[in-house]
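Chain residues, written in single-letter form:
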Amino acid sequence: MELKPGLSALVTGGGSGIGKALSIALGKKGIFVTVIDYSAENAKEVASLVERECAKFHSGLKFPPAMFVRCDVANSGEISAAFDKHLATYGGLDICINCAGISNPIPFNQDTTDGTDSWRRTIDVNLVAVIDCTRLAIQAIQAGQKPGVIINLGSASGLYPMYADPIYSGTKGGVVLFTRSLALYKRQGIRVNVLCPEFVETEMGRKIDPKFIDSIGGFLPMEMVVNGAFELIKDESRAGSCLWISKRRGLEYWPTPAEEAKYLVRSSRFKRGSSYTAPNLQVPQSYEKLIVHTLTHNFRNATKIVHTQLKLPIKPHHVLIKIIYAGVNASDVNYSSGRYFSNDKDLASRLPLDCGFEGVGLIAAVGDSVGNLKIGSPVAIMTFGSYSEFTEVPAKHVLPVPRPDPEVVAMLTSGLTASIALEKSAHMEYGKVVLVTAAAGGTGQFAVQLAKLAGNTVVATCGGEKKASLLKDLGVDHVIDYRSENMKAVLKKEFPKGVDIVYESVGGEMFDLCFNALAVYGRLVVIGMISQYQGEHGWQPSNYTGLCDKILAKSQTVSGFFLVQYSHLWQEHLDKLFHLFSSGKLKVSLDPKKFTGVKSVADAVEYLHSGKSVGKVVVCIDPSFSQQVAKL
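Keep in mind it's a predicted model, so treat the numbers as computed, not measured. (Residues numbered from 1 in each chain as written. Predicted model: local features only at pLDDT ≥ 70, side-chain atom pairs only at ≥ 80, totals over all residues. Heavy atoms only, no water.)

A. A look at the overall build of the protein chain. Within the protein chain one finds 19 helices and 23 strands. The principal-axis extents of the C-alpha atoms in the protein chain amount to approximately 80 × 60 × 55 Å. Counting across all 632 residues of the protein chain, residues that qualify as buried make up 54%. Of the contacts formed within the protein chain by residues at least 6 apart in sequence, a portion of 70% connects residues at least 24 apart. (Helix = DSSP H or I, 4+ residues; strand = E, 2+ residues; numbered from the N terminus. Buried < 20%, exposed > 50% of the residue type's maximum accessible area, 1.4 Å probe, protein only. Contact = heavy atoms within 4.5 Å.)

B. Highlighting the sheet that holds strand β7 (residues 242–246). Strand order in this open sheet of eight strands is β3-β2-β1-β4-β5-β6-β7-β8, and the pairing throughout is mixed. The open sheet terminates on both sides in strands that have one partner only, identified here as β3 (66–70) and β8 (250–253). Sheet twist, expressed as the average angle between the axes of neighbouring strands with direction ignored, equals 20°. Where strand β4 (residues 95–98) meets strand β5 (residues 148–153), four bridges bridge the pair, whose relative direction is parallel. (Pairing = 2+ DSSP bridges. Axes fitted to C-alpha atoms, helices over the stretch in contact; angles between N-to-C directions.)

C. Local environment of the packing of helix α1 (residues 17–27) against helix α2 (residues 40–54). Following both chains from N to C, one finds α1 and α2 inclined at 20°, their axes separated by 8 Å at the closest point. One way to sum up the angle between α1 and α2 is to call them roughly parallel. Crossing hand, α1 versus α2: right-handed. Within the contact between the two elements, α1 uses Lys20, Ser23, Ile24 and Gly27 and α2 uses Val46, Leu49, Val50, Glu53 and Cys54. Considering only residue class, the contact of α1 with α2 consists of five nonpolar, two polar and two charged. (Parallel < 35°, antiparallel > 145°, perpendicular 65-115°, else oblique. Left-handed = near helix turned anticlockwise from the far one by under 90°. Nonpolar A, V, L, I, M, F, W, Y, C, P; charged D, E, K, R; others polar.)

D. Spatial organisation of helix α4 (residues 119–144). Given a rise of 1.5 Å per residue, 26 residues ought to cover 38 Å, and the 37 Å separating the end C-alpha atoms of α4 matches this to within 8%. Approximately 35° is the largest bend angle found in α4, and it occurs at Ala129. Just downstream of α4, Gln145 is the residue with a positive phi angle, here 55°. (Expected span 1.5 Å × (residues − 1). Bend = angle between axes of the 7 residues up to and from the residue.)

E. Seen up close, the side chain of Lys467. Considering the arrangement of structural elements, one finds Lys467 in helix α13 (residues 465–473). For the buried residue Lys467, which engages in no salt bridge, the nearest side chain bearing the opposite charge is Asp591, 7.8 Å off. A polar atom in the side chain of Lys467 sits 3.4 Å from the backbone oxygen of Ser613. When sequence neighbours within four positions are dropped, the list of residues in contact with Lys467 reads Ala440, Cys462, Gly611, Lys612, Ser613 and Val614. (Lys, Arg positive; Asp, Glu negative; His and termini not counted. Salt bridge = Lys/Arg side-chain N within 4 Å of Asp/Glu carboxyl O. Polar contact = N/O pair within 3.5 Å; in protein donor to acceptor, adjacent residues only side chain to side chain.)

F. Representation of the environment of Ser425 within the structure. Within the element layout of this structure, Ser425 appears in helix α11 (residues 406–425). We classify Ser425 as buried; its relative accessible area is 7%. When the C-alpha atoms of Ser425 and Gln142 are compared, they prove to be 46 Å apart, with 283 residues separating the residues in sequence. Discounting residues that sit within four places of it in the chain, Ser425 has contacts with Ile420, Arg523, Val525, Ser559, Gly560, Phe561 and Tyr566.

G. Fine view of the sheet that holds strand β10 (residues 303–309). In spatial order, the strands read β10-β9-β12; together these three strands make up an open sheet with antiparallel pairing. Looking along the sheet, the strands with just one partner apiece sit at the ends: β10 and β12 (353–354). In this structure, strand β9 (residues 286–292) lies alongside β12, joined through two bridges in antiparallel fashion. Following the sheet pairing, Ile291 is matched in β12 by Asp354.

H. Representation of the nonpolar core. Counting 56 residues, the largest nonpolar core has Leu416, Phe446, Val448, Leu471 and Tyr503 as its most contacted members. With 10 residues, α11 is the single largest residue contributor to this core. When residues of this core are assigned to domains, at least three map to each of domain 2 (286–404 + 620–625) and domain 3 (409–583). Filtering out sequence-adjacent residues up to four positions away, Val448 remains in contact with Val436, Ala439, Val458, Ala460, Leu471, Leu474 and Val476. Ranked by size, the runner-up nonpolar core spans 41 residues in total, among them Ala9, Leu26, Val35 and Val50. (Core = buried A, V, L, I, M, F, W, Y, C linked by side-chain atoms within 4.5 Å. Domains from an automatic or database assignment.)

I. Geometry of the pairing of strand β20 (residues 499–504). Counted residue by residue, β20 has five buried out of six residues, so it is predominantly covered. The pairing of strand β17 (residues 433–436) with β20 spans three bridges and is parallel. Pairing of Leu435 across the sheet is with Val502, part of β20. Where β20 lies against strand β21 (residues 518–526), five bridges are found, and the strand directions are parallel.

J. Structural detail: the side chain of Thr171. Following the sequence through the fold, Thr171 ends up in helix α5 (residues 166–180). Polar contacts involving the side chain of Thr171 include one to the main-chain carbonyl oxygen of Tyr168, which spans 2.7 Å. Setting aside chain neighbours within four positions, we find Thr171 in contact with Thr122, Ile123, Asn126 and Leu127.

K. Representation of the domain arrangement of the protein chain within the structure. Each assigned domain of the protein chain is listed with its residue range as follows: domain 1 (8–263), domain 2 (286–404 + 620–625) and domain 3 (409–583). Computed from C-alpha coordinates alone, the two centres of domain 1 and domain 2 are separated by 50 Å.

L. Highlighting the environment of Val393. Of note, Val393 is situated in strand β15 (residues 390–394). Overall, Val393 belongs to the buried group, its relative accessible area being 2%. Taking C-alpha positions, Val393 is 43 Å from Gly189, a pair spaced 204 residues apart along the chain. Among all residues touching Val393, those that are not within four sequence positions of it are His318, Val319, Ile321, Ile381, Thr383 and Val398.

M. Main features of unusual backbone geometry. Geometrically, the link from Trp254 to Pro255 is a cis peptide bond, its omega value of 0° lying close to zero. Here Pro255 is to be found in the loop between β8 and α8 (257–263). Here the amide bond leading from Leu312 into Pro313 is cis, since omega sits at 0°, within 30 degrees of zero. Among the secondary structure elements, Pro313 is positioned in the loop between β10 and β11 (318–327). For Ser369, which is not glycine, the phi torsion reads 70° and is therefore positive. Along the polypeptide, Ser369 turns up in the loop between β13 (359–366) and β14 (378–381). The residue His427 is not glycine, and still its phi comes out positive at about 50°. One can find His427 in the loop between α11 and β17. On the accessibility criterion, His427 (40% relative accessible area) is partly exposed.

Below is the structure:
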């Protein structure tokens, strides 16, 4: 739903805290707001502030742009009358935000009463009233016969236990599951979602032990909560969704797809296959593939094309995949030189090696005991052998995808490295300064966008005007073109306290510059060293004198990240990236230079290492097939 002037919203608990912030934020969009609260003094002030904001959008109104209704949300008659007053004033309801909530006034383990004024009251306000308000909001939206959004305020304490107040934690847990169970109302145009922030500095939040608040990184900025609520309102794909907000992890939907997969059983009625329709697949007797026949960092000299007979039937538990697009990576030269097999002293005897780290295509045939994958299904792979027209892989290594598009290839090694490394190695939080090197490349483009989506200030390095232009389009706050600017001087001037996170893929002098710009407690994540891959003797280790002394002095962390060791997270993060892409929140930049057929792979690898590429370099293995797909 677009937040635009003239919509109407009802906010319970709107007189203080999060409810107050949301009421005013809606007013700044020109939205009419009914502020419901038990405290008349606070709520009247909020309604006045909202009215002042709305006046910037509306004039000559015959009704108040904002109004206050005093109400005990636990009183069914009073809350019903409040909804009626809103509908009579504004003629309908577009947005309902249920923020009213209290903590249990008496510790549960010390309560000797029957709970009328303590735990029963807390349950009535925090859970029963939310159910009642949601019911009334659904009825109001249905009566208006137009779409509407309901947001219930949960809490991070509804996702994990709050030992100091089990009643509060229990009610918020109830709100979470109640809301998630209303996902099917989306079919009627009503989206109900739940917002679960950690602690904000409100009257209720200030009651929490300061030591605990410090241990989770401090209070959440109110702006972060408002942004989360607005995301749930605007994102039409979200229904029955739970948005968890923390300073440690930013905005994150819970449960993750991986967690959901542990318990979710879909009936045949709810199964949704891919909307993609595959063209007719022909399985040939032979096909072309690229192999490494000798070990050298010179990829062209290390590889050659061979014609291979297709062996049928397909092995049990395996599938045959027709590769349509394959991704090119800087590490292709490390693979061709044998760097990834350093522990194998007899590597030469294993030659030839299938090469290519990633690809997307269609399942062309399946072996026995493969029940969950069908011929024609679009899939991705991240196993050796994608520089090939066909490849046979274990079914357990296949990643289902919505479409076999080149953008999906970019999300594999490049996108997954950025997504997982920023979460698991960088421990990226909200409100930090994040520096990304080689930012206009395959993985850098994802890192800058994910850092920006998490609410950070993003600094990016690149070489050349074209790359700088791309990064500005991606929302980077400060682009440093090292060909025309002194990177060290710029960082020292603009960020005198240093940067909090560095996502580093260049190595050499760039590593030194970034490390010296790292702030106290800063984290530098090394995901590659592209500048060191193409020397005369290939990848040679560098010495970083005094590294331990420096990180000790500033409590810094330097960590390496190798994607293969996080394979258990691939599907979860790929689903996340594709959702961001399909909802328009993530752009995927593909280098415009075309490479077609297995014969062009060496050209593509050399082009990537030339430093001229902008975005992800992709090889179309079968151009005739990709054109057929495009027509569909």
